[in-house]
Amino acid sequence: MGNSKNTFFFVMDVVIPKILSCIIVVCQIAFTLIIGASVVFRFLNIDLYGNEEFVLIFAFWLYLMGGAYGSYERSHIQADIVKELMKDGKLKSTLLYIANIVQLVTCLVLAYWSLNYFVWGIVRKATSIAWRIPMVIPQSALFLGFSIMLVYAVMDFVSGTKKIFSTRRAGS
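Only a predicted model underlies this, so the values are computations on that prediction, with no experimental measurement involved.

Colleague: Run through helix 4 (residues 90-124), naming residues and quoting values.
Modeller: Between its first and last C-alpha, helix 4 extends 51 Å over 35 residues, near the 51 Å set by a 1.5 Å rise per residue. Among all positions in helix 4, only Lys92, Tyr97, Asn100, Gln103, Leu104, Cys107, Ala111, Ser114, Phe118 and Gly121 are buried. Downstream of helix 4 by one or two residues, Lys125 has phi in the positive range, about 50°.

Written out as structure tokens, the structure reads:
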């Protein structure tokens, strides 16, 4: 049990962030090159047919993997004002715990919706208009990104739960 727990945390704290970093870099480069090519081709009055479809794919993967990486770093949008303005104590711990719950519920809903959207794309065999690119490619970014965010939200929730209940036991 302990070994599989260590493996899980190694994957979530080392492997997944490295994979996300690689995806983010590749998507940033591809996104920039496509937009740059669009500008140059437009200046030369050459039609770069359907380039928006490729921009869409790289944008989805960039934004969602970036969001997942932000969840790993815990640098995503948070209730930082609570951390900064309140003194340590029960109220602060409780408010931070509530923020963990809100994060968890939000990630659950978004992961569920993105799964349905991904499955819908598979069933409908939806494709893009110009290049007939399967829409499950950008839809999979939604599902994968929100699923990774959900795992990190569960980890934060478990950590927060341990912290708030150990604080309450120590205080009683």
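Colleague: Could you give me a rundown of the layout of surface pockets, with the residues and numbers involved?
Modeller: One simple way to see leftover space: roll a probe sized like a water molecule over the atoms. The calculated volume of the second largest pocket comes to roughly 180 Å³. If you go around the second largest pocket, the residues you meet are Ile35, Ser38, Phe41, Arg42, Ile46, Asp47, Leu48, Asn51, Glu52 and Val55. Per-element accounting of the lining of the second largest pocket gives the leading share, 4 residues, to helix 1 (residues 2-43). Along the lines of polarity and charge, the residues of the lining of the second largest pocket split into 5 nonpolar, 2 polar and 3 charged.

Colleague: Can you tell me about the side chain of Ser114, naming the residues and giving the values?
Modeller: Summarising the element assignment, Ser114 is placed in helix 4. The exposure class of Ser114 is buried, given its relative accessible area of 5%. If we ignore the near neighbours within four places in the chain, the residues touching Ser114 are Leu142, Phe143 and Phe146.

About the cut-offs
Residues numbered from 1 in each chain as written. Predicted model: local features only at pLDDT ≥ 70, side-chain atom pairs only at ≥ 80, totals over all residues. Heavy atoms only, no water. Helix = DSSP H or I, 4+ residues; strand = E, 2+ residues; numbered from the N terminus. Expected span 1.5 Å × (residues − 1). Buried < 20%, exposed > 50% of the residue type's maximum accessible area, 1.4 Å probe, protein only. 1 Å grid on protein atoms, 1.4 Å probe; cavity = no way out; pocket = protein on both sides within 12 Å on 5 of 7 lines; lining within 4 Å. Points joined across faces, edges and corners; volume = space filled by probe spheres on them. Nonpolar A, V, L, I, M, F, W, Y, C, P; charged D, E, K, R; others polar. Contact = heavy atoms within 4.5 Å.

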